Amino acid sequence: MLFTARSSRRHFEIAFRMFDLNGDGDVDSEEFEKVANLIRQQTSIGNRHRDHANTGNTFKVKKGVNSALTTYFFGPKNDEKLTIEKFLDFQQQLQREILTLEFLRKNPDENGNISEADFAELLLAYAGYPQKKKVKKIKRVKKRFRDHGSGISKEDYLNFFHFLNNINDVDTALTFYHIAGASIDQDTLKHVARTVALVELSSHVIDVVFTIFDENMDGQLSNREFVAVMKNRLLRGLEKPKDTGFVKLMHSILKCAKDTKPVLLDL
């Protein structure tokens, strides 16, 4: 689809206006399909699905998810209008479900927490690091929290990815700090999260993040590396510029549907 499950609310608002061809403030199924088909034809992901439409299980999953999504948006008879409120609610629910699935795959403990090392693995999943560098970072996290790790809760995990959804604004804020000669310590990152992303990150999550990215352990964050890795994490391997928007969202849904169909599409 067009907007990745991790796209910002602003991106979804832009997508909705793009679908609203007649400008009446709502989207009907015909408008939705016209734009969706056009964009699918212009992306490498869409082309791959089209070229393999008659082979394997991918097409069956895609067709089933498309049908459920259309029903969710436009009703069983395809005669309902999609509002911006429902579209944004869909984005929020989908984000939460996919992130929850990722979290649960790490087998939380009896308190519902995953280990700090598991959190690091999820964070570095699409970092683009050589395997050796990735392993080194995860080992550092394991060593740091081996004896006093309290784990990462699902709420902490969801909050951190809400923060990442605003990574471009975070990048701007951190750049201002850097230009001003101010150090980017843990308190600074917490302040940026609170003021830019409007989310309260726990001190423990920030401590883990600094353990991952503070190579010389001087208490300062390399904002360039941190931001670059976090942007890659949001892209989830869909790094080609053309593969943006609706196609990314469809790709995320398909990946999710192969394991567990999202509850919000269980119609």
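Residue indices follow the written sequence of each chain, beginning from 1 at its first position. Confidence filtering applies because this is a predicted model: local features only for residues at pLDDT of at least 70, side-chain atom pairs given and counted only at 80 or more, and all residues used for totals across whole chains, interfaces and linings. Remark: hydrogens and water are excluded; side-chain values derive from all non-hydrogen atoms of the structure.

1. A short note on the overall build of the protein
Along the protein, the regular secondary structure elements total 13 helices and 2 strands. Categorising residues by exposure relies on relative accessible area from a 1.4 Å probe, with only protein chains included: less than 20% of the type maximum marks a residue as buried, more than 50% marks it as exposed, and the intermediate range marks it as partly exposed. Counting over 267 residues, the protein shows a buried share of 49%. Whether two residues are in contact is decided by their heavy atoms: any pair within 4.5 Å suffices. The long-range share in the protein, meaning contacts at least 24 apart out of those at least 6 apart in sequence, stands at 72%. Here the Shrake-Rupley method, with its probe set to 1.4 Å, supplies the accessible areas, and only the displayed protein chains count as covering residues. As presented, the protein carries roughly 13700 Å² of accessible surface, and 51% of it is formed by carbon and sulfur atoms. Secondary structure elements follow DSSP: runs of H or I no shorter than four residues count as helices, runs of E no shorter than two count as strands, and numbering proceeds from the N terminus.

2. Here we look at the packing of helix α10 (residues 186-196) against helix α11 (residues 203-213)
Any two packed helices are characterised by the angle at which their axes cross and by the distance between the axes. Axes, fitted as lines to C-alpha atoms, cover a helix only where it is in contact. Angles between the N-to-C directions of the axes lie from 0 to 180 degrees. α11 packs onto α10 with a crossing angle of 120° between their chain directions and a minimal axis gap of 10 Å. When the interaxial angle is binned, α10 and α11 end up oblique. For the pair α10 and α11, the sense of crossing is right-handed. Contacts between α10 and α11 involve Q186, L189 and K190 from the first element and S203, I206, D207, V209 and F210 from the second. Any angle that is under 35 degrees is reported as roughly parallel, and any over 145 degrees as roughly antiparallel; angles of 65 to 115 degrees are reported as roughly perpendicular and all others as oblique. Whether a crossing is left-handed or right-handed is set by the direction in which the near helix is turned from the far one by less than a right angle, anticlockwise for left-handed and clockwise for right-handed.

3. Describing the packing of helix α6 (residues 116-123) against helix α8 (residues 154-164)
With their axes 12 Å apart at the nearest point, α6 and α8 run at an angle of 30° to one another. Regarding the angle of α6 to α8, the classification is roughly parallel. For the element pair α6 and α8, the recorded crossing hand is right-handed. Packed against α6, whose contacting residues are F119, L122 and L123, the element α8 presents Y157, F160 and F161 at the interface. All residues other than Ala, Val, Leu, Ile, Met, Phe, Trp, Tyr, Cys, Pro, Asp, Glu, Lys and Arg, Gly among them, are scored as polar; the first ten of these are nonpolar and the last four charged. Its residues assigned to classes, the contact of α6 with α8 shows 6 nonpolar, no polar and no charged.

4. Here's the deal with the packing of aromatic side chains
Between the rings of Phe, Tyr and Trp (Trp by its six-membered ring), a pair exists once the centres lie within 6.5 Å; its type follows the angle of the planes, with under 30 degrees stacked, over 60 edge-to-face, and the other angles tilted. Taken as a whole, this structure holds 12 aromatic pairs when the rule is applied. Here the aromatic residues F103, F119, Y157, F160, F161 and F163 are joined through ring pairs into a cluster of three or more. A positively charged side chain is recorded as over a ring if its NZ (Lys) or CZ (Arg) lies within 6 Å of the ring centre. The angle to the ring normal must also be within 35 degrees. Sitting over the face of the ring of Y72, K86 holds its NZ or CZ atom 5.1 Å from the ring centroid. The lysine or arginine in question, R144, covers the ring of F145, its NZ or CZ lying 4.9 Å from the ring centre.

5. Comments concerning the environment of G219
Within the element layout of this structure, G219 appears in the loop between α11 and α12 (223-235). Take G219: its relative accessible area is 29%, and that puts it in the partly exposed class. Between the alpha carbons of G219 and S183 there is a distance of 9.1 Å; along the sequence they are 36 residues apart. Look past the residues within four positions of G219 in its chain and what remains in contact with it is I184, D185, F210 and D214.

6. Re helix α9 (residues 167-179)
The span expected for a helix works out to 1.5 Å for each residue beyond the first. Here α9 contains 13 residues, and its C-alpha end-to-end distance of 18 Å stays within 8% of the 18 Å for a straight helix at 1.5 Å per residue. Of all the residues in α9, the buried ones are I167, V170, A173 and L174. One side of α9 holds all its buried residues, which, seen down the axis, span an arc of 120°. Away from its buried face by more than 90 degrees, α9 exposes F176 and I179. Here the arc refers to the set of directions running from the helix axis out to each C-beta atom.

7. Section: the nonpolar core
For soluble globular proteins, the rule of thumb is that nonpolar side chains tend to be buried together. Among the nonpolar cores identified, the biggest contains 45 residues, and F119, F160, F163, F213 and F226 are the most heavily contacted of them. Mapped onto this core, the elements with two or more residues apiece are α5 (84-104), α6, α7 (131-145), α8, α9, α10, α11 and α12. Per-element accounting of this core gives the leading share, 7 residues, to α11. Beyond its immediate stretch of four places on either side in the chain, F160 contacts F119, L123, L201, V205, V209, F226 and M230. The set of buried Ala, Val, Leu, Ile, Met, Phe, Trp, Tyr and Cys residues whose side-chain atoms join them within 4.5 Å is what this entry labels a nonpolar core.

8. Considering unusual backbone geometry
Positive phi, close to 55°, is recorded for L198, a residue that is not glycine. Looking at the secondary structure, you find L198 in the loop between α10 and α11. The exposure class assigned to L198 is exposed, which follows from its relative accessible area of 70%. Even without being glycine, M217 reaches a positive phi, approximately 55°. Of note, M217 is situated in the loop between α11 and α12.

9. Side note on the environment of L21
In this fold, L21 is placed in the loop between α1 (9-19) and α2 (29-41). Through-space distance from the C-alpha of L21 to that of V35 is 8.7 Å; in sequence the pair is 14 residues apart. The contacts of L21, once residues within four sequence positions are left out, are E31, K34 and V35.

10. Some details on the confidence of the model for the protein
When pLDDT is low, close inspection of the predicted coordinates is not appropriate. A residue's pLDDT is the predictor's confidence in that residue, given on a scale from 0 to 100. Mean pLDDT over the protein stands at 77; residues scoring 70 or higher make up 72%. Here residues 54-62 is a poorly scored stretch, pLDDT under 50, and it has 8 contacts once near neighbours within four places are set aside; other chains count. Low confidence marks residues 256-261, where pLDDT is under 50. Its contacts with residues over four positions away, or in another chain, come to 11 contacts.

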